[in-house]
Amino acid sequence: MRLLIVEDERRLALSLAKGLTAEGYAVDVVHDGLEGLHRAGEGAYDLVVLDIMLPGMNGYRVCAALRAAGHDVPILMLTAKDGEYDEAEGLDTGADDYLTKPFSYVVLVARIKALLRRRGRAGGSPVHRVGELRVDTAARRVFRGEDEVPLTAKEFAVLEHLVVRVGEVVSKAEILEHVWDFAYEGDPNIVEVYVSALRRKLGARFIRTVRGAGYRLEAAQ
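Residues numbered from 1 in each chain as written. Predicted model: local features only at pLDDT ≥ 70, side-chain atom pairs only at ≥ 80, totals over all residues. Heavy atoms only, no water.

1. Notes on the nonpolar core
So, step 1. Counting residues in hydrophobic clusters, the biggest one holds 23 residues, and the most contacted among them are Leu-162, Ile-175, Leu-202, Ile-207 and Leu-217.
So, step 2. Element by element, the count of residues in this core is highest for helix H6 (residues 153-163), at six residues.
So, step 3. Not counting residues up to four positions away in its chain, the partners in contact with Ile-207 are Leu-162, Val-195, Leu-198, Arg-199, Tyr-215, Arg-216 and Leu-217. (Core = buried A, V, L, I, M, F, W, Y, C linked by side-chain atoms within 4.5 Å. Buried < 20%, exposed > 50% of the residue type's maximum accessible area, 1.4 Å probe, protein only. Helix = DSSP H or I, 4+ residues; strand = E, 2+ residues; numbered from the N terminus. Contact = heavy atoms within 4.5 Å.)

2. Some points on the environment of Ala-95
So, step 1. Following the sequence through the fold, Ala-95 ends up in the loop between helix H4 (84-92) and strand E5 (97-100).
So, step 2. Ala-95 gets classed as buried once you look at its relative accessible area, which sits at 9%.
So, step 3. Along the primary structure Ala-95 and Gly-59 are separated by 36 residues, whereas in three dimensions their C-alpha atoms are 9.6 Å apart.

3. Here's the deal with the UniProt feature "modified residue: 4-aspartylphosphate" (unreviewed entry) in the protein chain
So, step 1. Summarizing the sequence annotation, UniProt attributes the feature "modified residue: 4-aspartylphosphate" (unreviewed entry) to Asp-51 in the numbering used throughout.
So, step 2. The residue Asp-51 is located in strand E3 (residues 47-51) in this model.
So, step 3. Beyond its immediate sequence surroundings of up to four residues, Asp-51 is in contact with Val-6, Glu-7, Asp-8, Gly-59, Leu-78, Thr-79 and Lys-101. (UniProt positions renumbered as here; feature names shortened; annotations may be inferred.)

4. Quick notes on the side chain of Asp-28
So, step 1. Locating Asp-28 in the fold gives a position in strand E2 (residues 26-30).
So, step 2. For Asp-28, a relative accessible area of 2% puts it in the buried group.
So, step 3. Of the polar contacts made by the side chain of Asp-28, one reaches the side chain of Tyr-45; its length is 2.5 Å.
So, step 4. Those residues within four positions of Asp-28 in sequence are excluded, and the remaining contacts are Leu-3, Leu-4, Ile-5, Arg-39, Tyr-45, Glu-177 and His-178. (Polar contact = N/O pair within 3.5 Å; in protein donor to acceptor, adjacent residues only side chain to side chain.)

5. Quick notes on the packing of helix H2 (residues 33-41) against helix H3 (residues 59-68)
So, step 1. With their axes 10 Å apart at the nearest point, H2 and H3 run at an angle of 25° to one another. Judged on the interaxial angle alone, H3 and H2 are roughly parallel. The handedness of the crossing between H2 and H3 comes out as right-handed. On H3, the residues that touch Gly-33, Leu-37, Ala-40 and Gly-41 of H2 are Val-62, Ala-65 and Leu-66.
So, step 2. Per-class residue counts for the contact of H2 with H3 are five nonpolar, two polar and no charged. (Axes fitted to C-alpha atoms, helices over the stretch in contact; angles between N-to-C directions. Parallel < 35°, antiparallel > 145°, perpendicular 65-115°, else oblique. Left-handed = near helix turned anticlockwise from the far one by under 90°. Nonpolar A, V, L, I, M, F, W, Y, C, P; charged D, E, K, R; others polar.)

6. Looking at the environment of Leu-133
So, step 1. Inspection of the secondary structure puts Leu-133 in strand E7 (residues 133-136).
So, step 2. In this structure, the C-alpha to C-alpha distance between Leu-133 and Gly-145, residues twelve residues apart in sequence, is 6.4 Å.

7. Quick look at the sheet that holds strand E11 (residues 207-210)
So, step 1. Strands sit in the order E10-E12-E11 across an open sheet of three strands; the sheet is antiparallel. Both outer strands of the open sheet, strand E10 (169-170) and E11, are each paired with one neighbouring strand and no more.
So, step 2. Relative to strand E12 (residues 214-217), E10 runs antiparallel, the two sharing two bridges. Within E12, the position partnered with Val-169 by the bridge is Arg-216.
So, step 3. Strands E10, E11 and E12 of the sheet are contacted by H6, whose axis makes an angle of about 75° with E12.
So, step 4. Relative to the sheet, helix H8 (residues 190-202) contacts E11 and E12, its axis offset from that of E11 by approximately 145°. (Pairing = 2+ DSSP bridges.)

Pasting the structure below:
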């Protein structure tokens, strides 16, 4: 699952990103409402954690713009405000839930999991098929034909990012950003290690290397 945090308090955003990454999510962070709207509008996220008081465009307007454009991604709003009026305004713009600062991290994680479960029940299990591969991103299971292929959490995260963009070239930088998150400072060649592992487990022909550009997942010929 990929989450987007739109929060201008950088220390809080980094803390949330680290915690949620440890929970097994791929997390991106932006600190500006306009950038948050742009990123969320790309449709690549399973949930958005959205602060209300943001530079560029406040969270109410970001949420309203996403809903007006037809995006149904779950939105959990964060705010330093409190009171019934503020909560009602947030929910009226299309937010799915609302959490007032300061909040318990445990409660935040519980709210995120509840929203993702609700979305899963509404939309069914998102199953992607690529040739004989079947990738269930809700159950986090992969099958080649009738045989299940066991993957580590990071291997699955890399495959998931490729499968939701099947047929497209995905750069190493994009995989690093979405799977290891924005704060990763290690060796970027780690992507090659995990792609090699996926090729061993799934079959080398499913993941093509596009020289100088990245990787493309496609049905094996």
